[in-house]
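One letter stands for each residue in the lines below.
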Amino acid sequence: MDTVLSIKNLTKHYGRVKALNNLSLDVARGNVFGILGPNGSGKTTTLGILLDVINKTSGEFAWFGQPPSKEVRKRIGAILETPIFYPYLSATKNLQIVAKIKGASVENIDPVLKRVELYERRHDKFRTYSLGMKQRLSIASALLCDPEVMILDEPTNGLDPQGIAEIRELIKEIAKDGKTIILASHLLDEVQKVCSHFCVLKKGNLIYTGSVEDVSKGAVTVEVSAEDDDLSEILEAYEGSTKVEKDGVHHLVSLKEGKTATELNAYLFSKGITVSHLNTQRKSLEKQFLELLAESDNA
Amino acid sequence: MLKLLQIDLVKLKNYRAFWVLNILYGLLIVSIPITVMEFLKWLKLQGADFDGFDPLKIPVLYFPDIWQNIAYVYTFLKIFLAIVVVISISNEYSYKTIRQNIIDGMSRIDFIKSKLATILLLSIGSTLLVFITGMLTGIIYTPNVEFAEMFTGIQFVFAYFLDLFTYLVLAFFLTILLKRSALTVFILLLFTPIEYAITANLPEALEFLIPYFPLHAINNLIAFPFKKYWFQEIQDYIAWEAVLVVVAYIVLYVYAIKTKLQKSDL
């Protein structure tokens, strides 16, 4: 595995508060890695340490197999919750500063501004921008140096639906180039849509890490309806089902592991029933997330 | 280093307060000698009588006196440039851009270097202006300019540079410590009266410490020159001890800035 980021026993204390406790994680190249957790779970602290603006208490981490340094940070694009720029400078001047720091060519500035549709406003001061425009300038800034890794911290916070859609598009576009993305969010739906892997933090502790695909694996539940009075009994008789419930108009059939809706449909058809509604309920990340948090409470 | 200076200059060039304070400072430097000469002319016109002595003949702005005189007076203006430094650094905290600079790929040391580069540029620029103003004033007002005399006492221009640079690094240090501009400027303004109140009340056994207080150290570079016009001895040279103490302070401030910045979460 080509590891982009490797974290070992990372810990951060603020006085007596443990903001981060013994976190160990690996992120492979090309992953779209989601960091989930309720507010105050240590997501932003983790990213702050990884970007060297917060000093760790103990532990280690390595980017691209190298100890953290400014050279390493130049290969990372970061979009954080609040876009930070000099309010009295124009978009162009702000990006000049970023380009100089990152060692990127100033010739990249106009193209990235065009890409995020700020080119027309490039000479206006940053403070005159709307939140959506500010966030788009963050994107432009992250794209300046063609980063190998993109870090996003709650990137859609406070954005309107169009802004959210734009950010999502961007994440997908960057992921398509084979780049690694690390995304901290509490929007589970967002993580499920774009991420390949995720971890869950709670009060500074890592309580789960795995792939998003695994979440939807395992036993599934199928919603069935048919205009047939015997449906309940026939479903009960199916050897692939573990439980049948009536939920309003639909029957909810819990299937044994490995069984699918296709097999259930074939069985019903063989009994002379044509279904009018058939829907496989995947376990959502949200459900999994809440289960994980509940489990950790009990533990 | 040059790149770091360029970065800081992009931040400052478009900031209005930077120009306002710099221009104000420059205007004061240029206008003080003119005002002094006009004042002396006015005194003469009013028929002021110094026992039959022509006020215009007081050699305040003649070579070689001029260098120590203007260097001494101009050090009182350094608060203007100190405010420029305080604003330039406290802005980085209030806009959180110091955090962003580091995320983008600056090291904390780079950040310090870029600010020190600006301080150095301000000090050099200001010293050049003092040199040019002194040279022109001297040439205009000195009767019978002699080339050798023009550069006598020129070391006070260097002392002025050291005085200003040390003070600006002190301002840098205080801003890193206090983070807020208004508070820092306030403390900077109170620094002189407080320090002088302390040294004035120091027990005799501790008086040997006085030259080592931060502002006394700076002020000892250029001694008060005007006593000679009422025929008292003055120190018309720069004491090497004073230079050493000031250089030690610069090292101390930079070290403290570095330690503080590396320890803090941004």
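Keep in mind it's a predicted model, so treat the numbers as computed, not measured.

Calculation notes
- Residues numbered from 1 in each chain as written.
- Chains lettered and ligands numbered in written order.
- Predicted model: local features only at pLDDT ≥ 70, side-chain atom pairs only at ≥ 80, totals over all residues.
- Heavy atoms only, no water.
- Helix = DSSP H or I, 4+ residues; strand = E, 2+ residues; numbered from the N terminus.
- Buried < 20%, exposed > 50% of the residue type's maximum accessible area, 1.4 Å probe, protein only.
- Contact = heavy atoms within 4.5 Å.
- Areas by Shrake-Rupley, 256 points an atom, 1.4 Å probe, with all protein chains shown as cover.
- Lys, Arg positive; Asp, Glu negative; His and termini not counted.
- Charge placed at Lys NZ, Arg CZ, Asp CG, Glu CD.
- Pairing = 2+ DSSP bridges.
- Domains from an automatic or database assignment.
- Axes fitted to C-alpha atoms, helices over the stretch in contact; angles between N-to-C directions.
- Salt bridge = Lys/Arg side-chain N within 4 Å of Asp/Glu carboxyl O.
- Core = buried A, V, L, I, M, F, W, Y, C linked by side-chain atoms within 4.5 Å.
- Phe/Tyr/Trp six-rings, centres within 6.5 Å; stacked < 30°, edge-to-face > 60°.
- Lys NZ or Arg CZ within 6 Å of the ring centre and 35° of its normal.
- Parallel < 35°, antiparallel > 145°, perpendicular 65-115°, else oblique.
- Left-handed = near helix turned anticlockwise from the far one by under 90°.
- Nonpolar A, V, L, I, M, F, W, Y, C, P; charged D, E, K, R; others polar.
- Polar contact = N/O pair within 3.5 Å; in protein donor to acceptor, adjacent residues only side chain to side chain.

1. Considerations on the overall build of chain A
Inference 1: Tallying secondary structure elements over chain A gives 11 helices and 13 strands in all.
Inference 2: Counting only residues that meet the buried cut, chain A has 49% of its 299 residues in that class.
Inference 3: Intrachain contacts of chain A at a sequence separation of at least 6 include 68% that bridge at least 24 residues.
Inference 4: When the accessible area of chain A is evaluated, it comes to approximately 14,300 Å², of which 47% is carbon and sulfur surface.
Inference 5: Of the side chains in chain A, 38 bear a positive and 40 a negative charge, and the two mean positions are spaced by 11 Å.

2. A closer look at the pairing of strand β3 (residues 32–36) of chain A
Regular strands place side chains that alternate from one sheet face to the opposite one.
Residue and element names in this part refer to chain A.
Inference 1: With 5 of its 5 residues buried, β3 lies for the most part within the structure.
Inference 2: On β3, burial covers both faces: V32, G34 and L36 on one face and F33 and I35 on the other are all buried.
Inference 3: Inspection of the sheet shows β3 paired to strand β7 (residues 180–185) by 5 bridges, in the parallel sense. Paired with F33 across the two strands is I182, which belongs to β7.
Inference 4: Bridge count for β3 against strand β8 (residues 197–202) is 4 bridges, and the pairing is parallel. Residue pairing across strands places L36 opposite V200, the latter belonging to β8.

3. Quick notes on the domain arrangement of chain A
Inference 1: Taken domain by domain, chain A holds domain 1 (3–215) and domain 2 (219–282).
Inference 2: Using only C-alpha atoms to locate each centre, domain 1 of chain A and domain 2 of chain A end up separated by 44 Å.

4. What about the sheet that holds β7(A)?
Residues and elements named next belong to chain A.
Inference 1: If you trace the 6 strands from one edge of the open sheet to the other, you get β5-β6-β7-β3-β8-β9, paired in mixed fashion. Two strands bound the open sheet, and with one partner strand each, they are β5 (76–79) and β9 (205–211). The mean inter-strand angle of the sheet, taken between neighbouring strand axes irrespective of direction, is 15°.
Inference 2: The strands that helix α6 (residues 161–176) touches are β3, β5, β6 (149–153) and β7; relative to β7, the one it contacts most, it runs at about 150°.

5. Considering the pattern of salt bridges
Inference 1: As enumerated under the stated definition, the model contains 21 salt bridges over all chains in all.
Inference 2: Two residues, K115(B) and D8(B), come together in a salt bridge whose shortest N-O distance is 2.7 Å. Here K115(B) is found in helix α6 (residues 108–141), whereas its partner D8(B) is found in helix α1 (residues 2–13), with 107 residues between them in sequence. Each member of the pair, K115(B) as well as D8(B), carries the same accessibility label: buried.
Inference 3: Each of D2(A), R29(A), R75(A) and E148(A) takes part in salt bridges that share partners, so that together they form one network.

6. Observations concerning the nonpolar core
Inference 1: W63(A), I151(A), I182(A), Y160(B), F172(B) and L221(B) are the most contacted members of the largest nonpolar core, which has 114 residues in total.
Inference 2: Ranked by residue count, the leading element in this core is helix α8 (residues 155–178) of chain B, at 16 residues.
Inference 3: For Y160(B), the residues in contact, after removing those within four places along its chain, are Y25(B), I29(B), A71(B), Y74(B), T75(B), S126(B), T127(B), V130(B) and I222(B).
Inference 4: Among the nonpolar cores identified, the runner-up in size contains 45 residues, and L95(A), L113(A), V194(A) and V212(A) belong to it.

7. Topic: helix α3 (residues 65–74) of chain B
All names here are of chain B.
Inference 1: Within α3, 9 of the 10 residues are buried, which leaves the element mostly enclosed by the surrounding structure.
Inference 2: Within α3, the full set of buried residues consists of D65, I66, W67, Q68, N69, I70, A71, Y72 and Y74.
Inference 3: Tucked into the core, α3 has its buried residues touching α2 (16–45), α4 (78–94), α6, α7 (147–150) and α8.

8. Observations concerning the environment of F213(B)
Inference 1: Inspection of the secondary structure puts F213(B) in the loop between α9 (181–200) and α10 (214–219).
Inference 2: Considering only alpha carbons, one finds F213(B) and V246(B), 33 residues apart in sequence, at a separation of 10.0 Å.

9. Details of the packing of aromatic side chains
Inference 1: Evaluated as defined, the whole model comprises 21 aromatic pairs over all chains.
Inference 2: Taken together, the ring pairs in this structure connect Y86(A), Y88(A), Y15(B) and Y95(B) into an aromatic cluster.
Inference 3: Sitting over the face of the ring of F64(A), R75(A) holds its NZ or CZ atom 4.0 Å from the ring centroid.

10. Observations concerning the packing of α8(B) against α9(B)
Helices that pack against each other are described as a pair by the angle of their axes relative to one another and the distance between those axes.
All names here are of chain B.
Inference 1: At a closest axis distance of 9 Å, the pairing of α8 and α9 adopts a crossing angle of 135°. Taken together, the axes of α8 and α9 are oblique relative to one another. Seen along the crossing, α8 lies across α9 with a hand that is right-handed. Two secondary-structure elements touch here, α8 through Y167, L170, A171, L174, T175 and L178 and α9 through L183, T184, I187, L188 and F191.
Inference 2: Considering only residue class, the contact of α8 with α9 consists of 9 nonpolar, 2 polar and no charged.

11. Examining the environment of T57(A)
All names here are of chain A.
Inference 1: Inspection of the secondary structure assignment puts T57 in the loop between α1 (43–50) and β4 (58–63).
Inference 2: Measuring from C-alpha to C-alpha, the distance between T57 and H13 comes to 6.2 Å, with 44 residues separating the pair along the chain.
Inference 3: The residues touching T57, leaving out its near neighbours within four places in the chain, are T11, K12 and H13.
Inference 4: One polar contact links the side chain of T57 to the main-chain amide nitrogen of H13, over a distance of 2.8 Å.

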